[in-house]
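Now for the letters of each chain:
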Amino acid sequence: MNSAFYVSLLLVGFAFGGGFAGCSTEMTTSHLTLEPPTDSSAVAVRAPVSASIAPGTLCVAWRPTQDCRPDKTSLARFPSQTYVADDVLPWVDHALHAANDARFATVENPIQADVVVTPRLRMLYLEFLDVTKCAVVVIEVEFSYRGQPTITKTYRGQYAGLNWAGSDAEMERALRSALATCVDKIMADLNSPAWIKAI
Amino acid sequence: MNHPAASLVLCNRIVQSNLLLFAVSLLLGGCVSIHPSRVPISDQSIKDLGPINAIIGLRQQEIKATAVNVKGMGLGVEIGESLNANRAEKDITFVRDALVNYQPGEVVATDLRGTLATLPGLALAHIDTRQITNDEDFNTWTAEAGNNSVMLVDLDYSLSPDFTAVEVAATVWIHPGTGRLAGIPANGPDLPSFIYFNSFGVTVPFPSHQGWSVNEIQERAQQWSQNNGQIIRATLGSAFQELASMIAYDLNHTPAPANNELYDAPRGAEKGWAGLTDPPAVRGYVEHKANGRIWVRAESGGLFAIGQ
């Protein structure tokens, strides 16, 4: 059915017999840097804006993102190459906070908020398909509107593009694009009166 | 003899290839020599194994799309493959969303515990699921087990390129517990010695009674995922159950050919193949038939399941 599927297994099988004695390679580990930017804009987006909230503006409180991945460092694992990233939550939180829209305001205190948002990072990974690299981010978000029972929705962001050189920077860009797509979907819901009404 | 993980290095390099590696991998075809890969376990080894800890190891976080073949060679082909891969990654999100809470390792663990419970000496003392982060994991996990032997199932699951079937692949090692048995030395300091190895493949098509009628890949993805992924979950469950049965069967049957020769069909055996490509990717002989399913023993010793 899928020749690559069988050919891969056969390669494993036949090669095991000793054919690759001279072809084995050493494992390399790439530590990707997934951190929030360190310039002043990164600080600004975290500042509470409660003092300047216009009447009728939706107030949103963000709880810190929880890391719900079974493996909290691995991004991709292949016998010849491993990609890892430590402590990605500040990076995710920054992306969420930086994406705040003028139509709603961030408040620090959940008691003051119309909507309390609790993000959970479910998946963050890279994969390779033929000559394509793919980055995937899955965030589960729990919304609570004015103390009402919560509604949970899962958002997915992904990026797929030609794998030119397999460099760390290339992988980091792919992951940032995937996260940006995911965050855009979350923001689209927060900016949707219909969604807010449905919470 | 090399440890199979050494071979996986090249295999996965092809799978993860960027443009440069793809070209290099084509040139490495000449490195392959034909010997059986399967290392069967002897009855005496089973008696000496002691308690077994099983680990279901996963390298992936979600169901994978698989390679999309474009005929020809050159940059145009690679760009074509990339476009197809981009589309496959987009279309498979329907299925991934339906499986976002699915735990394949747990399903396999339950099935494997059940099938091995019936085999004397191979009942599992403990089983769990782990993400494979590094080759060193294998050594660490084996060392942690102490006197217990370790069965490691390296699991992979995906949709076929045309989204008409699920494909499950696994390689299985048994590493002897400390001081129990002299295993076959591994090729590399990070890999423990072993006394059993084989590779398995299971292909299960979309269930025909579900009224499969769509032609577009995106529509197929939607059909797999409807009702919160009821069909994809059931089909994956069926594939994992069969994989567990095949592992149990393989541990209990079929000695290795003499003199390290390939697994040729016994006299009178029905020839078999796996894969719908022409010619089929896997050739071998039919070793087992039941309920519309066929198990093909490949020349390498690997065991492949196909059928309705």
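Conventions adopted
- Residues numbered from 1 in each chain as written.
- Chains lettered and ligands numbered in written order.
- Predicted model: local features only at pLDDT ≥ 70, side-chain atom pairs only at ≥ 80, totals over all residues.
- Helix = DSSP H or I, 4+ residues; strand = E, 2+ residues; numbered from the N terminus.
- Buried ≥ 20, exposed ≤ 12 C-beta atoms within 10 Å, placed from the backbone.
- Contact = placed C-beta atoms within 7 Å.
- Axes fitted to C-alpha atoms, helices over the stretch in contact; angles between N-to-C directions.
- Parallel < 35°, antiparallel > 145°, perpendicular 65-115°, else oblique.
- Left-handed = near helix turned anticlockwise from the far one by under 90°.
- Core = buried A, V, L, I, M, F, W, Y, C linked by C-beta atoms within 7 Å.
- Expected span 1.5 Å × (residues − 1).
- Nonpolar A, V, L, I, M, F, W, Y, C, P; charged D, E, K, R; others polar.
- Pairing = 2+ DSSP bridges.
- pLDDT = per-residue confidence, 0-100.

**Description of the overall build of chain A**
Across its full length, chain A carries five helices and nine strands. In chain A, the order of α-helices and β-strands from amino to carboxyl end is α-β-α-β-β-β-β-α-β-β-β-β-α-α. Relative to its full complement of 199 residues, chain A shows a buried share of 41%. Residue pairs at least 24 apart in sequence account for 73% of intrachain contacts in chain A once pairs closer than 6 positions are excluded.

**Comments concerning the overall build of chain B**
Within chain B, the secondary structure is distributed over eight helices and ten strands. For chain B, the proportion of its 308 residues judged to be buried stands at 48%. Nonlocal contacts in chain B, meaning residues at least 24 apart in sequence, comprise 69% of its contacts between residues at least 6 apart.

**Structural notes on the packing of helix α6 (residues 104–116) of chain B against helix α8 (residues 217–252) of chain B**
Residues and elements named next belong to chain B. At a minimum axis separation of 8 Å, α6 and α8 run at an interaxial angle of 40°. By the criterion of interaxial angle, the relationship of α6 to α8 is oblique. In terms of crossing hand, the pair formed by α6 and α8 is right-handed. Side by side, α6 and α8 meet where P104, V107, V108, D111, L112, T115 and L116 of the first sit next to L236, G237, F240, Q241, L243, A244, S245, I247 and A248 of the second.

**Regarding the environment of E270 of chain B**
Residues and elements named next belong to chain B. Following the sequence through the fold, E270 ends up in the loop between α8 and β7 (271–274). In the structure, E270 is positioned 17 residues away from E287 in sequence and 8.2 Å away in space, judged by C-alpha atoms. When near neighbours in sequence (up to four residues on either side) are disregarded, E270 contacts Y285 and V286.

**Notes on the nonpolar core**
Residues and elements named next belong to chain B. Formed by 121 residues in total, the largest nonpolar core has its most connected members in V95, V108 and L243. The element contributing the most residues to this core is α8, with twelve residues. If we skip the residues at most four places from it in the chain, L243 touches V108, V168, A170, F200 and V202.

**A short note on α6 of chain B**
Residues and elements named next belong to chain B. The first and last C-alpha atoms of α6 sit 18 Å apart over 13 residues, in line with the 18 Å expected at 1.5 Å per residue. Considered for burial, the residues of α6 that qualify are P104, G105, V107, V108, A109, L112, T115 and L116. The secondary structure elements touched by the buried residues of α6 are β1 (52–58), β3 (124–131), β4 (149–159) and α8.

**A short note on the packing of helix α3 (residues 89–98) of chain A against helix α4 (residues 168–190) of chain A**
Residue and element names in this part refer to chain A. Packing of α3 against α4 brings their axes to within 10 Å, and their N-to-C directions diverge by 45°. With respect to α4, the element α3 is oriented oblique. Note on packing geometry: the crossing formed by α3 with α4 is right-handed. Between α3 and α4, the residues in contact are V92, A95 and L96 and L179, A180 and V183, respectively. Of the residues assigned to the contact of α3 with α4, the class counts are six nonpolar, no polar and no charged.

**Here's the deal with the pairing of strand β8 (residues 132–145) of chain A**
Residues and elements named next belong to chain A. A large share of β8 lies buried, amounting to ten of its 14 residues. Pairing geometry for strand β7 (residues 115–129) and β8, over 14 bridges, is antiparallel. Bridge pairing in β8 links E127 to C134. Linking β7 back to β8 in an antiparallel pair, the connection comprises two residues, with D130 at a positive phi of about 55°. In the sheet, β8 pairs with strand β9 (residues 151–162) via twelve bridges, with the strands oriented antiparallel. Counted as the bridge partner of K133 is G161 from β9.

**Points about the pairing of strand β6 (residues 196–205) of chain B**
All names here are of chain B. Taking burial as the measure, the ten residues of β6 include nine buried ones, the bulk of the element. Pairing of strand β5 (residues 165–175) with β6 involves ten bridges; the strand directions are antiparallel. Bridge pairing in β6 links V166 to V204. Relative to strand β10 (residues 303–307), β6 is paired through three bridges, and the arrangement is parallel. What sits directly across from G201, in β10, is F304.

**A look at unusual backbone geometry**
All names here are of chain B. Phi is positive for F163, close to 60°, though the residue is something other than glycine. Summarising the element assignment, F163 is placed in the loop between β4 and β5. Residue F163 is classed as buried on the basis of its C-beta count, with 25 C-beta atoms lying within 10 Å.

**Considering the confidence of the model for chain A**
Residue-level pLDDT values for chain A average 80, and 77% of them are 70 or greater. In the predicted structure, residues 11–24 of chain A sits below a pLDDT of 50 and forms 53 contacts with residues beyond four places in sequence or in another chain.

**Observations regarding the confidence of the model for chain B**
Residue and element names in this part refer to chain B. Across chain B, the average pLDDT comes to 82, with 80% of residues at 70 or higher. Here helix α1 (residues 4–15) stands out as the element of chain B with the lowest mean pLDDT, 34, in contrast to α6, whose mean of 97 is the highest. In the model, residues 1–32 has pLDDT below 50 throughout and makes 75 contacts with residues more than four positions away in sequence or in other chains. Interface scoring of the predicted complex returns ipTM 0.77; its pTM is 0.82.

**With respect to the environment of I306 of chain B**
Residue and element names in this part refer to chain B. Tracing the sequence through the fold places I306 in strand β10. Among the residues examined, I306 registers 23 C-beta atoms within 10 Å and is labelled buried. Measuring from C-alpha to C-alpha, the distance between I306 and A239 comes to 10.0 Å, with 67 residues separating the pair along the chain.

**So, α4 of chain A**
For α4 of chain A, which comprises 23 residues, the first-to-last C-alpha distance of 33 Å matches the rise-based estimate of 33 Å (1.5 Å per residue) to within 8%. M171, A174, L175, A178, L179, C182, V183, I186 and L190 of chain A are the residues of α4 of chain A that are buried.

**Observations concerning the environment of A174 of chain A**
Residue and element names in this part refer to chain A. With respect to the helices and strands, the residue A174 is situated in helix α4. According to the C-beta neighbour criterion, A174 is buried, with 21 such atoms within 10 Å. With 38 residues separating them along the chain, A174 and V136 place their C-alpha atoms 8.7 Å apart. Once residues within four sequence positions are removed from consideration, A174 is found in contact with L126, K133, A135, Y159 and G161.

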